[in-house]
Amino acid sequence: MSIAIDDLQIEPVEESQKPLLANLMQAYEHDLSEFTGVGPDQEGIFSVGNYFDVYWTEIERHPFKFLYNGQPAGFALVRQLEDGAYSMAEFFVLRHHRRTGLGKLAAITLFNRFPGIWHVAQDEHNYPAQKFWRSIIAEFTKGDFSEQWSDAQPTGPLQVFQSRGA
């Protein structure tokens, strides 16, 4: 199965839709627990971190939802680091949409939406994410990117590249 561009919508998450993103974050944190070892609390809820709410109060933060045929398929949290520089703070595609091209299409759409320098980091133990991002970024930049080690959160590989926009 492959994703047609007309079947994917990437839309900002309005503040009234925070519960949707909070629910998707539970699936995301569950997936990450394989690499981080962090489990849910006593009530079975994963912490979404203290940064979650600031995505609706700080203008340099941009929450997006991915909809496939109108249904939730994932999300991205994009953060402007400084003028013309962006970070893919969080990126998640539901498991049944993986390996369909949805993640690649969503990432490239966001890279084009925010022209400038991009920083994309992965956890040192999350090899599937590292493989995904290296492949997407190499294709998007035609190999023109750098990779370094980041000791910031998450600790691990960090790709830096230029997006010229669509």
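Here, the structure is the one placed above.
Residues numbered from 1 in each chain as written. Predicted model: local features only at pLDDT ≥ 70, side-chain atom pairs only at ≥ 80, totals over all residues. Heavy atoms only, no water.

Participant: I'd like a description of the sheet that holds strand β2 (residues 61–68), backed by residues and values.
Facilitator: Sheet architecture is open: seven strands sit in the order β1-β2-β3-β4-β5-β7-β6, paired in mixed fashion. Either end of the sheet is taken by a strand with one partner, and the two such strands are β1 (8–12) and β6 (145–150). On average, adjacent strands in this sheet sit at an angle of 25° to one another, irrespective of strand direction. For strand β3 (residues 71–82) and strand β4 (residues 85–93), the ladder comprises eight bridges, and the chain directions are antiparallel. Counted as the bridge partner of Gln80 is Tyr86 from β4. (Pairing = 2+ DSSP bridges. Helix = DSSP H or I, 4+ residues; strand = E, 2+ residues; numbered from the N terminus. Axes fitted to C-alpha atoms, helices over the stretch in contact; angles between N-to-C directions.)

Participant: Quick one: what's the story with the nonpolar core, residue by residue and with numbers?
Facilitator: Generally speaking, nonpolar side chains in soluble globular proteins are found buried as a group. Ranked by size, the top nonpolar core spans 28 residues in total, and within it Phe66, Met88, Phe91, Leu110, Phe111, Trp118 and Trp133 carry the most contacts. Put simply, the parts of the chain that give this core at least two residues each are β1, β2, β3, β4, α2 (102–113), β5 (116–121) and α3 (127–141). Broken down by element, the residue count for this core peaks at seven residues, all from α2. Those residues in contact with Phe111 that sit more than four places away from it in its chain are Met88, Trp118, Val120, Trp133, Ile136, Ile137, Phe140, Phe161 and Ser163. Of all hydrophobic cores here, the second largest spans 14 residues; its members include Tyr28, Leu32, Val48 and Phe52. (Core = buried A, V, L, I, M, F, W, Y, C linked by side-chain atoms within 4.5 Å. Buried < 20%, exposed > 50% of the residue type's maximum accessible area, 1.4 Å probe, protein only. Contact = heavy atoms within 4.5 Å.)

Participant: So, the environment of Pro154: which residues are in play, and what are the values?
Facilitator: Tracing the sequence through the fold places Pro154 in the loop between β6 and β7 (156–163). Measuring from C-alpha to C-alpha, the distance between Pro154 and Gly44 comes to 23 Å, with 110 residues separating the pair along the chain.

Participant: With reference to specific residues and values, describe α3.
Facilitator: Compared with an ideal rise of 1.5 Å per residue, which puts 15 residues at 21 Å, α3 spans 21 Å between its outermost C-alpha atoms and is within 8% of the ideal. Taken together, the buried positions of α3 are Ala129, Gln130, Trp133, Ile136, Ile137, Phe140 and Thr141. Each buried residue of α3 lies within a common arc of 145° when the element is viewed along its axis, so the set occupies one face. Seen from the buried face of α3, the exposed residues on the opposite side, beyond 90 degrees, are Tyr127, Pro128 and Lys131. Each element contacted by the buried residues of α3 is listed here: β4, α2, β5, β6 and β7. (Expected span 1.5 Å × (residues − 1). Arc of directions from axis to C-beta.)

Participant: Tell me what's going on with the pairing of β6, and back it up with residues and numbers.
Facilitator: Within a regular strand, the side chains alternate between the two sheet faces. Sheet topology places β6 next to β7; six bridges connect them, and they run antiparallel. Within the sheet, the bridge partner assigned to Glu147 lies in β7 and is Gln159. Linking two consecutive strands that pair antiparallel, namely β6 and β7, is a turn of five residues.

Participant: Tell me about the packing of aromatic side chains, and name the residues and values.
Facilitator: Under the definition given, this model contains 18 aromatic pairs. Both rings, one in Phe91 and one in Trp133, keep their centres 4.9 Å apart while their planes meet at 75°; by these two values the pair is edge-to-face. Here the residue Phe91 occupies a position in strand β4, and Trp133 occupies one in helix α3, the gap between them amounting to 42 residues. Ring geometry for Phe140 against Phe161: centres 6.0 Å apart, planes inclined by 70°, an arrangement best described as edge-to-face. Taken together, the residues span a long stretch of sequence, with Phe140 in helix α3 and Phe161 in strand β7 at a distance of 21 residues. When sorted by exposure, Phe140 lands in the same class as Phe161, which is buried. Ring pairing ties together the aromatic residues Phe64, Phe66, Tyr86, Phe91, Phe111, Phe114, Trp118, Phe132, Trp133, Phe140 and Phe161, which thus form one cluster. (Phe/Tyr/Trp six-rings, centres within 6.5 Å; stacked < 30°, edge-to-face > 60°.)

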